[in-house]
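# Architecture and fold: a report
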Amino acid sequence: MEPYVTLKNKNGVGYIEFFHPAQNSLPGHLLSELARTIYAAGEDEHIKVIVLQSGGDRTFCAGASFNELVAINDEETGKIFFSGFANVINAMRKCPKFIIGRIQGKTVGGGVGLASATDYCMATKYAQIKLSELNVGIGPFVVGPAVQRKLGLSGMSQIAMDANTFYTAEWAKQKGLYTQVFDSAEELDEAVKTFAENMCGYNPKAMAEMKTMFWRGTEDWDQLLLQRAKISGRLVLSEFTKEKLKEYE
């Protein structure tokens with residue numbers, strides 16, 4: 001199948017779905033399309049609440065495109081590459097509507113950032129998480145603020161330093177990333193649908209004000225995440241990281 005980002009309105013719920021055949025990893029053009037779609041859904045008066053989900057049943061998101069990562073040869077390209085997830089997280093942060101996360105499977109790196117940037121996140125028991133950036137000589141700089149906001153500094157630093165380990169969905173629930181964990185994707189889908197459609201009956205203005213309240217203190221993220229992208233863009237050019245990346249080619 002070809003990569004895609006879609007938006008479908010079902011009973012006032014805007015379902016945004018992304019897909020890439022490489023375990024739902026996200027190259028730059030898909031990240032740009034995802035950010036644009038989130039902004040569009042936020043401005044659509046017929047959409048009351050948003051669900052963010054991915055296609056397939058095995059992996060929610062494997063993070064950034066590895067092929068694009070390997071091809072970075074200068075700092076500007078690196079900054080643009082790492083700004084991809086920053087732009088999506090900021091689109092989610094500034095969207096005036098609540099975003100519900102549907103996490104059906106494993107999520108890695110930038111994918112953990114996306115899950116963390118949702119306002120309410122439900123998952124299956126297969127939705128393990130891992131921050132693997134340290135494995136290739138960089139760090140979770142761009143997604144770090146979003147992950148820390150949900151897991152706390154202790155939880156975020158634990159998975160960032162333990163870059164080889166997948167942490168269970170139950171662990172993520174205990175830390176506050178997931179609100180509920182289900183045994184199957186079918187149960188997850190029913191719960192997401194019920195919760196989202198119930199929210200459509202609430203006052204949109206009240207929900208928008210609540211979202212602003214919940215995200216208070218993140219007003220500097222436009223600048224902060226760009227600064228973090230520059231750090232990653234610089235580190236990916238280091239001799240250490242270049243040698244590490246060769247091991248994965």
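Check the entry above for the structure.
Residues numbered from 1 in each chain as written. Predicted model: local features only at pLDDT ≥ 70, side-chain atom pairs only at ≥ 80, totals over all residues. Heavy atoms only, no water.

### Things to note about the environment of E239
This is how the line gets drawn: Numbered from the N terminus, helices here are DSSP runs of H or I no shorter than four residues, and strands are runs of E no shorter than two. Only protein chains enter the accessibility calculation, which uses a 1.4 Å probe; a residue whose area is less than 20% of its type maximum is buried, one above 50% is exposed, and one in between is partly exposed.
Looking at the element boundaries, E239 is found in helix α10 (residues 239–246). The class for E239 is exposed, based on a relative accessible area of 66%. Taking the C-alpha atoms as reference points, E239 and G137, 102 residues apart in sequence, are found 9.4 Å from one another.

### A word on the layout of surface pockets
For clarity, the threshold we go by: Points on a 1 Å grid over protein atoms alone make up a cavity when a 1.4 Å probe fits among them but cannot get out, and a pocket when they form an open set with protein on both sides within 12 Å along at least five of seven lines; lining residues each have an atom within 4 Å of a point. Grid points are joined across faces, edges and corners, and a volume is the space filled by probe spheres set on the points. Side-chain classes are defined by residue name, with Ala, Val, Leu, Ile, Met, Phe, Trp, Tyr, Cys and Pro counting as nonpolar, Asp, Glu, Lys and Arg as charged, and the others, Gly among them, as polar.
Counted as a void, the largest pocket has a volume near 900 Å³. Lining the largest pocket are 37 residues, with A62, G63, A64, V108 and S132 sitting closest to its centre. Counting only elements with at least two residues in the lining of the largest pocket, the list comes to α2 (66–70), α3 (75–94) and β6 (106–108). Across the lining of the largest pocket, the residue classes tally to 19 nonpolar, 13 polar and five charged. Quantified by volume, the second largest pocket comes out at close to 190 Å³.

### What to know about the environment of D74
Counted only if it meets this: We call two N or O atoms a polar contact when they sit within 3.5 Å, provided that within protein one can donate a hydrogen and the other can accept it, with sequence-adjacent residues counted only if both atoms are side-chain atoms.
Along the chain, the position of D74 falls in the loop between α2 and α3. Using a relative accessible area of 34% as the deciding quantity, one classes D74 as partly exposed. In the structure, D74 is positioned 162 residues away from V236 in sequence and 9.1 Å away in space, judged by C-alpha atoms. Within polar-contact distance, the side chain of D74 engages the backbone nitrogen of E76 at 3.2 Å.

### Focus: the environment of C200
Note the threshold: Residue contacts are counted whenever heavy atoms from the two residues lie within 4.5 Å of one another.
Inspection of the secondary structure puts C200 in the loop between α7 (185–199) and α8 (204–214). Those residues in contact with C200, other than ones at most four positions away along the chain, are N11, G12, V13, K48 and V49.

### A closer look at unusual backbone geometry
In the Ramachandran plot, N11 falls in the positive-phi region, its phi being about 60 degrees despite a non-glycine side chain. Along the polypeptide, N11 turns up in the loop between β1 (4–10) and β2 (13–19). Residue classification places N11 among the exposed positions, given a relative accessible area of 60%. A positive phi is found at N24, a non-glycine position, where the angle reads about 55 degrees. Its location among the elements puts N24 in the loop between β2 and α1 (28–43). For N24, a relative accessible area of 2% gives the class buried.

### Points about the packing of aromatic side chains
Applied cut-off: Between rings of Phe, Tyr and Trp, where Trp is taken as its six-membered ring, a pair exists when centres lie within 6.5 Å; planes separated by under 30 degrees are stacked, by over 60 edge-to-face, and by other angles tilted. Whether a charge sits over a ring depends on NZ of Lys or CZ of Arg being within 6 Å of the ring centre and within 35 degrees of the ring normal.
Summed over the entire model, instances satisfying the criterion amount to seven aromatic pairs. Ring centres 4.8 Å apart and planes at 90 degrees place the aromatic pair F81 and F82 in the edge-to-face group. On the numbers, 4.1 Å between centres and 20 degrees between planes, the contact of Y120 with F195 is stacked. One end of the pair, Y120, is in strand β7 (residues 120–124); the other, F195, is in helix α7, with 75 residues separating them in the sequence. A residue is classified by how much of its surface remains accessible, and Y120, at 26% relative accessible area, is partly exposed. Above the face of the Y15 ring, K10 is positioned so that its terminal group lies 5.5 Å from the ring centre.

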